Amino acid sequence: MTTSQPAYDDGVLRITCIGRPAGLAIAGEIDEYTYEALVDTLRNLTDGLHEIHINLADMAYCDLAGLRAIILLAGGSRSHDGGGTRLVLHEVPGYLKNILQILGWDTTPGLAIEEPGQRSAPALSSP
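Note that the structure is a prediction, hence the values are computed from the model and not measured. (Residues numbered from 1 in each chain as written. Predicted model: local features only at pLDDT ≥ 70, side-chain atom pairs only at ≥ 80, totals over all residues. Heavy atoms only, no water.)

1. Description of the packing of helix α1 (residues 35–46) against helix α2 (residues 64–71)
Okay, so step 1: Running from N to C, α1 and α2 point in directions that differ by 5 degrees, and their axes come no closer than 10 Å. Considering their axes alone, α1 and α2 lie roughly parallel with respect to each other. Here α1 contributes Tyr35, Leu38, Val39 and Leu42 to the contact with α2, which in turn contributes Ala65, Gly66, Ala69 and Ile70.
Okay, so step 2: Across the contact of α1 with α2, the residue classes tally to 7 nonpolar, 1 polar and no charged. (Axes fitted to C-alpha atoms, helices over the stretch in contact; angles between N-to-C directions. Helix = DSSP H or I, 4+ residues; strand = E, 2+ residues; numbered from the N terminus. Parallel < 35°, antiparallel > 145°, perpendicular 65-115°, else oblique. Contact = heavy atoms within 4.5 Å. Nonpolar A, V, L, I, M, F, W, Y, C, P; charged D, E, K, R; others polar.)

Okay, structure coming up:
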């Protein structure tokens, strides 16, 4: 995957568009200070997409509000064909996996957490 210029970078949080299908890399820290920028940037970059891949390998810290904002990308509003948004998380740090499991958010409809060495299956398309 080729990395491009960051779509957002304030020195604490960096969100970069990467490769295809629609992919993002989120790095740094998500907290009260960076939350609004995260939500605005995600909305601008993902609006209308049916599949989103997010790499979290360089996420140093993420509070619950930030994690929830990312997870809410899964499912999303249902279109007329019954499909929603599929969110695939890549390289999720262990602490975030634990939080997702404790909260039960790892079973969110439309969410897939790719394990190392695993390739995500393509999204199912409606007939």
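2. Topic: the packing of α2 against helix α3 (residues 94–103)
Okay, so step 1: Relative orientation of the contacting elements α2 and α3 amounts to 80 degrees, with a least axis distance of 12 Å. Between α2 and α3, the interaxial angle falls into the category roughly perpendicular. Across the interface between the two elements, Leu64, Leu67 and Ile71 from α2 touch Leu96, Ile99, Leu100 and Leu103 from α3.
Okay, so step 2: Per-class residue counts for the contact of α2 with α3 are 7 nonpolar, no polar and no charged.

3. Some details on the nonpolar core
Okay, so step 1: Counting residues in each nonpolar core, the largest one holds 25 residues, and the members touching the most others are Ile26, Leu38, Ile54, Leu56, Ile70, Leu87 and Leu89.
Okay, so step 2: Elements that contribute at least two residues to this core include exactly β2 (13–18), β3 (23–30), α1, β4 (51–55), β5 (59–62), α2, β6 (86–90) and α3.
Okay, so step 3: By residue number, the principal contributor to this core is α2, which donates 4 residues.
Okay, so step 4: If near-sequence neighbours (up to four positions away) are discounted, Ile54 is found in contact with Leu24, Ile26, Ile70, Leu73, Leu87, Val88, Leu89 and His90. (Core = buried A, V, L, I, M, F, W, Y, C linked by side-chain atoms within 4.5 Å. Buried < 20%, exposed > 50% of the residue type's maximum accessible area, 1.4 Å probe, protein only.)

4. Concerning α1
Okay, so step 1: Along its 12 residues, α1 runs 16 Å from first to last C-alpha, staying within 8% of the 16 Å computed at 1.5 Å per residue.
Okay, so step 2: Within α1, burial applies to Ala37, Leu38, Val39, Thr41, Leu42 and Thr46.
Okay, so step 3: Within two residues after α1, Gly48 carries a phi angle of roughly 85 degrees, on the positive side. (Expected span 1.5 Å × (residues − 1).)

5. Topic: the pattern of salt bridges
Any two side chains of opposite charge can pair if their charged atoms end up close together.
Okay, so step 1: Here the structure, examined in full by the defined rule, presents 3 salt bridges.
Okay, so step 2: With its nearest N and O atoms 3.2 Å apart, the salt bridge here joins Arg43 to Asp40. Highlighted residues: Arg43 and Asp40, both in helix α1, separated by 3 residues, approximately one helical turn.
Okay, so step 3: Judged by its relative accessible area of 48%, Arg43 falls in the partly exposed class.
Okay, so step 4: A residue is classified by how much of its surface remains accessible, and Asp40, at 31% relative accessible area, is partly exposed.
Okay, so step 5: Here Glu115 ties to Lys97 by a salt bridge, and the two come within 2.9 Å at their closest N and O atoms. Residue Glu115 is found in the segment after β7 (111–113), and its partner Lys97 is found in helix α3; the two are separated by 18 residues along the sequence.
Okay, so step 6: Overall, Glu115 belongs to the partly exposed group, its relative accessible area being 35%. (Salt bridge = Lys/Arg side-chain N within 4 Å of Asp/Glu carboxyl O.)

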